[in-house]
Structures are given as C-alpha cells and as structure tokens.
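The residues making up each chain are set out below.
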Amino acid sequence: MARLIWKKTDSPEDDISFDLGEAPLVVGRDPNCGIFINAPLLSREHARIEFKDGAHVVTDLDSTNFTKVNGERVTEKPLKAGDRIHFSRAVCVYEA
C-alpha cells in the first residue's frame, strides 16, 4: 500500500506514516484532516492527495505557503515513489 511519511525530525524514529488508498485525503494542520500535520506555517487545509488515473495526485488547495514536489512549486502533480513533498516547511516522502 502507498503511504506518505512525514519526516518530523532528522531521526527516523520520529517519522509519522499515513496510509494512502483510493479515498481522497486532505493534508493540513486542522485535526479533522485525514493527514494531520501539526507544523508551523501549514494551512489548515493545505493540500489534497487523491487517487486518479492509476496514480496518487497531490493538489495544492491555495495554501499560503505552497506545496512543492522535489523542489518544484506545484498546483497539481502525480506522485512517484521517492518524491519529496514540502507542505510549507513540513517534509514528506511518498512511498508506493
């Protein structure tokens, strides 16, 4: 199963993993988000990850501090294994 791993600190023991299925999940600092990341500068509803056309796709939800995939600012982008996603300063890795 695909998953998103929040690299909360430099220590792998602090990583937080979120399983990704076919249902859309919102990434944000609102505790009601399917992917809750309590990090400074993250919007309450920052981005959405959904399964479309055989791939997980990240879509920025007009966040204040942007979404980047491998350093490139994106509005919508299909994800590949190993992609590094920045939701503002929160760094995540996509595993497929």
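Check the entry above for the structure.
Procedures and definitions
Residues numbered from 1 in each chain as written. Predicted model: local features only at pLDDT ≥ 70, side-chain atom pairs only at ≥ 80, totals over all residues. Heavy atoms only, no water. Helix = DSSP H or I, 4+ residues; strand = E, 2+ residues; numbered from the N terminus. Rg over C-alpha atoms; globule rule 2.2 N^0.38 Å. Buried < 20%, exposed > 50% of the residue type's maximum accessible area, 1.4 Å probe, protein only. Contact = heavy atoms within 4.5 Å. Areas by Shrake-Rupley, 256 points an atom, 1.4 Å probe, with all protein chains shown as cover. Lys, Arg positive; Asp, Glu negative; His and termini not counted. Charge placed at Lys NZ, Arg CZ, Asp CG, Glu CD. Pairing = 2+ DSSP bridges. Salt bridge = Lys/Arg side-chain N within 4 Å of Asp/Glu carboxyl O.

Now for the overall build of the protein chain. Check the secondary structure of the protein chain and you find zero helices and 11 strands. Counting from the amino terminus, helix and strand elements in the protein chain follow one another as β-β-β-β-β-β-β-β-β-β-β. In summary, the protein chain has a C-alpha radius of gyration of 12 Å against a globular reference of 12 Å for 96 residues, a match within 12%. Burial analysis of the protein chain (96 residues in total) assigns 39% to the buried set. For the protein chain, restricting intrachain contacts to residue pairs at least 6 apart in sequence, the fraction spanning at least 24 positions comes to 28%. Just so you have it, the protein chain exposes about 5600 Å², and 45% of that area is on carbon and sulfur atoms. Distance between charge centres in the protein chain, computed from 13 positive and 16 negative side chains, equals 5 Å.

Below, the discussion takes up the sheet that holds strand 4 (residues 35–36). Taken in spatial order, the five strands line up as 4-3-5-6-9 in an open sheet, and their pairing is mixed. The open sheet terminates on both sides in strands that have one partner only, identified here as strand 4 and strand 9 (76–78). Direction of pairing for strand 5 (residues 47–52) relative to strand 6 (residues 55–60): antiparallel, over a ladder of six bridges. Following the sheet pairing, Ile49 is matched in strand 6 by Val58.

Pairs may arise between side chains of opposite charge once their charged atoms sit close together. For the structure shown, the criterion picks out four salt bridges. For Arg3, the salt bridge identified is with Glu95, shortest N-O distance 2.8 Å. Of this pair, Arg3 sits in strand 1 (residues 2–6) while Glu95 sits in strand 11 (residues 90–95), placing them 92 residues apart in sequence. One salt bridge in this structure joins Asp15 and Lys7, with 2.8 Å as the shortest N-O distance.

Take unusual backbone geometry next. The backbone phi angle of Asp53 is positive, close to 50°, even though this residue is not glycine. Along the chain, the position of Asp53 falls in the loop between strand 5 and strand 6. For Asp53, a relative accessible area of 84% gives the class exposed. A positive phi is found at Phe66, a non-glycine position, where the angle reads about 70°. Along the chain, Phe66 turns up in the loop between strand 6 and strand 7 (67–69). For Phe66, a relative accessible area of 31% puts it in the partly exposed group.

So, about the pairing of strand 11. The buried fraction of strand 11 is high, at five of six residues. Two strands pair when backbone bridges link them, and strand 1 and strand 11 are joined in this way by four bridges, in the antiparallel orientation. Of the residues in strand 11, the one forming a bridge with Trp6 is Cys92. Here strand 10 (residues 84–87) pairs with strand 11 via four bridges, running antiparallel. Directly across from His86, in strand 11, lies its bridge partner Val91. Where strand 10 folds back onto strand 11 in an antiparallel hairpin, the turn is made up of two residues, including Ser88, whose phi is positive at roughly 60°.

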